[in-house]
Amino acid sequence: MQPRSKLEKFIWSLQQLMKIDAMNLVILVIVTLIGWSIISESIDNPGRYLPSPVAVALSSVDMLVKGLLPSYFSDTLVRLIVGSAIGLVAGIPFGLILGLNRTVADMFHPMLNFFQSVSGIAIFPIIVIWYGNSDTTVLIVIVYTSFFPIAFNVLSGVREIPLRYINAARTLGASRYQVTKDVLFPGAMPHIATGTRLSIGFAWRAVIAGEMLAGRQGLGWMIFTGQDSDKTTEIILGMVMIGFTWIILDHYLLRPLEESTIERWGLVQR
Amino acid sequence: MKLLSQFSISLQRRFGRQRLRKTLLGSVPFLVLISIWHANTIFGWLPPVFVPTIGEVWDAIFFLQEDCPGFMPLIKLDNDCMMTTHVLSSLGRVILAAVVGLPAGIALGILAGMSRPISKFLEPVGVFANSISGIAWIPLAIVWFGVGWVTTLFIMLNTIFWLMFFNSMLGVRSIAKVYEDSVLTMGGSRWDVIRQVYLPGAMPSIITGMRMSMGFGWRALIAAEMIGGDSGLGFMIFTSAAEFKIEEVFLGVIIMALIFMATDRYLLVPLEKWTVERWGLVWKPA
């Protein structure tokens, strides 16, 4: 059966996905849980070192009832969304504008590379001295971590567009604005998509680390205080949630976005 | 004037016009940034508690090295040679994690990729492990190993290993079965298939994974040293920040960036380029 509408296509692909992976996944989860339980049973003091899956599940129910888990989760997610949105919205035009002129682009390329290599976590101590252990600190670190990878990637993308496309557009009488809109922006599109995914990936890790270091409530804070107060169940619960959140973000949002962008814009003949 | 132009021409011949232009242009923003930094100390826009002077940052190197009793303690990572001890212990962990983690990840990844059903089975494991790898392991690592170098090494190894495992597994899986079959048809052994088909075929993917794993691993290491370490650059800048020694923080951040850029530029990028040139253009049957 050939699917017709977009919705049908989506459901169809979902079904295909389920057919292949569901069985494997179920077996895998069961095997993991059994192995985990066996290890947990065989060591001394499992409550401290490796609580059994049942204990983790119980603690998750407990935290859900108390309403802690949803509040931590939403705190972390809001931080990630706000921070990376600011970083992306500022970073994409920044990279494009710098890329307009080859000289300027060559000028700023090493600098962006430098700041991209200084990870957000590394500048965290500086920001702490400036703003203290506050939400602002965490936000600045996230914005910083998401801004530079995207700006660097956009700039690289613009620089890699073959000159003849720009020249062709110019020859046909395009204005500077038209060149930007019709050549540079679409040409840099695959890089923008890759950079977005990279940016959000780095930002996600920065959120977790920032919450741990600055002591702001959220998933990172939850696993960090779990270590202080000997609640290993909370640590494992937090790790599982962090893992699942990122899988959902990456596999169902960012990767399809990247793939469709590359499919749509990426097949530029060199 | 003539001398000057001759000098510039000889420079251009020696280093290449394009490269010279790029280097000169690239240094402009850094110079501007440094002048703004210096202007800040002269005019005092931001107080010195927030932004140290360039001189202070430079002096911090010697201040940290002050108590160092000589060359041998420096090598032995004596606690009195703060600067070199922290830099070397970070570097040592990176190298150790790379030496252990990269081959282990590649080997197990290739083994997992060899059998398609198994690799399909293990793919979710890789996806999940990569999603929580690095920073999220820090609290559990502290519970298991306590604060110290084992924790930091564990975090770095964890990050590197899973990325390498996943990338080499996907790399092997993406090789067309035709190659494998043709080697087997011509009488090759299983080992021949690994050496002649899997390894070269997965190489581009492996190298990309290597670059990624060093990037993510280095970041995770810094965070791990801050939270659960007792030495290393991350530890150094975190403790300095707690004592409001901003010049040491700046120094640490600059050193970190320089180390990372140097490894990326002189080791990983050339490696990636070489591999893509050598192995990357594998013909893929439709």
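Residues numbered from 1 in each chain as written. Chains lettered and ligands numbered in written order. Predicted model: local features only at pLDDT ≥ 70, side-chain atom pairs only at ≥ 80, totals over all residues.

I would appreciate a short explanation of the overall build of chain A in the present structure.
Counting secondary structure elements, chain A contains eleven helices and zero strands. Counting all 270 residues of chain A, 40% fall into the buried class. Of all intrachain contacts in chain A linking residues separated by at least 6 positions in sequence, the fraction that spans at least 24 positions is 72%. (Helix = DSSP H or I, 4+ residues; strand = E, 2+ residues; numbered from the N terminus. Buried ≥ 20, exposed ≤ 12 C-beta atoms within 10 Å, placed from the backbone. Contact = placed C-beta atoms within 7 Å.)

Any chance you could explain the overall build of chain B here in plain terms?
Along its length, chain B carries twelve helices and zero strands. Along chain B, from the amino end to the carboxyl end, the secondary structure elements read α-α-α-α-α-α-α-α-α-α-α-α. A compact globule built from 286 residues should have a C-alpha radius of gyration of about 19 Å, whereas chain B, at 24 Å, is more than 25% larger. Referenced to the eigenvectors of the C-alpha coordinate spread, the extents of chain B come out at roughly 75 × 65 × 40 Å. For chain B, buried positions account for 38% of its 286 residues. Looking at chain B alone, contacts between residues at least 24 apart form 70% of all its contacts between residues at least 6 apart. (Rg over C-alpha atoms; globule rule 2.2 N^0.38 Å.)

Sorry, what's going on with the confidence of the model for chain A here?
For any part of a model where pLDDT is low, the fine detail of the predicted coordinates should not be relied upon. When pLDDT is averaged along chain A, the result is 85, and 93% of the positions lie at 70 or above. Mean pLDDT across the secondary structure elements of chain A bottoms out at helix H1 (residues 6-42) of chain A, with 77, and peaks at helix H4 (residues 68-99) of chain A, with 91. (pLDDT = per-residue confidence, 0-100.)

Is there a simple way to think about the packing of helix H6 (residues 116-132) of chain B against helix H8 (residues 149-173) of chain B in this case?
Residue and element names in this part refer to chain B. Interaxial distance between H6 and H8 falls to 10 Å at its minimum, and their mutual angle equals 150°. The handedness of the crossing between H6 and H8 is left-handed. When H6 is examined against H8, the residues Arg116, Ser119, Leu122, Gly126, Ala129 and Asn130 are found in contact with a partner set consisting of Trp162, Leu163, Phe165, Phe166, Met169 and Arg173. Its residues assigned to classes, the contact of H6 with H8 shows seven nonpolar, three polar and two charged. (Axes fitted to C-alpha atoms, helices over the stretch in contact; angles between N-to-C directions. Left-handed = near helix turned anticlockwise from the far one by under 90°. Nonpolar A, V, L, I, M, F, W, Y, C, P; charged D, E, K, R; others polar.)

Help me understand the nonpolar core, please; the structure alone is not making it clear to me.
Soluble, globular proteins show a tendency: their nonpolar side chains are buried together. Core analysis: the largest hydrophobic core is formed by 125 residues, its most contacted members being Met156 and Ala223 of chain B. Leave out the neighbours within four places in its chain, and Ala223 of chain B touches Ile121 and Ala209 of chain A together with Ile135, Ile138 and Gly234 of chain B. (Core = buried A, V, L, I, M, F, W, Y, C linked by C-beta atoms within 7 Å.)

What is the right way to read the interface of chain B and chain A from this model?
Put simply, an interface is often sized by how much accessible area is lost when its parts join up. Residue-level contacts link 41 residues of chain B with 41 residues of chain A. When contributions to the side of chain B that touches chain A are tallied by element, the ones reaching two or more residues are helix H2 (17-43), H6, helix H7 (138-145), helix H10 (190-228), helix H11 (233-242) and helix H12 (246-279) of chain B.

Sorry if this is basic, but what is going on with helix H3 (residues 53-66) of chain A here?
Residues separated by three or four positions in an α-helix point in the same direction, a consequence of the helix having 3.6 residues per turn. In this model H3 of chain A runs 20 Å from its N-terminal to its C-terminal C-alpha over 14 residues, within 8% of the 20 Å that 1.5 Å per residue would give. Where H3 of chain A terminates, the next one or two residues include Gly67 of chain A, which has phi positive at roughly 80°. (Expected span 1.5 Å × (residues − 1).)

Sorry, what's going on with the environment of Leu111 of chain B here?
Summarising the element assignment, Leu111 of chain B is placed in helix H5 (residues 82-114). Exposure remark for Leu111 of chain B: the 17 C-beta atoms within 10 Å place this residue in the partly exposed category.

How should I be thinking about the environment of Leu163 of chain B in this particular structure?
Residues and elements named next belong to chain B. Within the secondary structure layout, Leu163 lies in helix H8. In this structure the C-alpha to C-alpha distance between Leu163 and Ser213, which are 50 residues apart in sequence, comes to 5.9 Å. Once residues within four sequence positions are removed from consideration, Leu163 is found in contact with Asn130, Gly209, Met212, Ser213 and Phe216.

What's the story with the packing of helix H6 (residues 120-131) of chain A against helix H7 (residues 135-160) of chain A in this structure? I'm lost.
Two quantities define a packed helix pair, namely the angle between the axes and the distance from one axis to the other. Residues and elements named next belong to chain A. Look at H6 against H7: their axes get within 9 Å of each other, and the N-to-C directions meet at 145°. Like other packed secondary-structure pairs, H6 and H7 cross with a definite hand, here right-handed. Residues Gly120, Ile123, Phe124, Ile127, Val128 and Tyr131 of H6 lie in contact with H7, whose contacting residues are Thr136, Thr137, Ile140, Val141, Ile142, Tyr144 and Thr145. A breakdown of the residues in the contact of H6 with H7 according to their chemical character gives nine nonpolar, four polar and no charged.

Would you take a moment to explain the confidence of the model for chain B for this structure?
All names here are of chain B. Looking at chain B as a whole, its pLDDT mean stands at 84, while 94% of the residues score no less than 70. Across residues 282-286 the pLDDT falls below 50, and counting only partners more than four positions away or on other chains, this stretch makes four contacts in the model. The ipTM for the predicted assembly is 0.81, set against a pTM of 0.83.

How should I be thinking about unusual backbone geometry in this particular structure?
The phi torsion of most residues other than glycine is negative, and most of the peptide bonds are trans. Residue and element names in this part refer to chain B. The backbone phi angle of Phe244 is positive, close to 55°, even though this residue is not glycine. Mapping Phe244 onto the fold places it in the loop between H11 and H12. Note on Phe244: 12 C-beta atoms within 10 Å, which makes it exposed.

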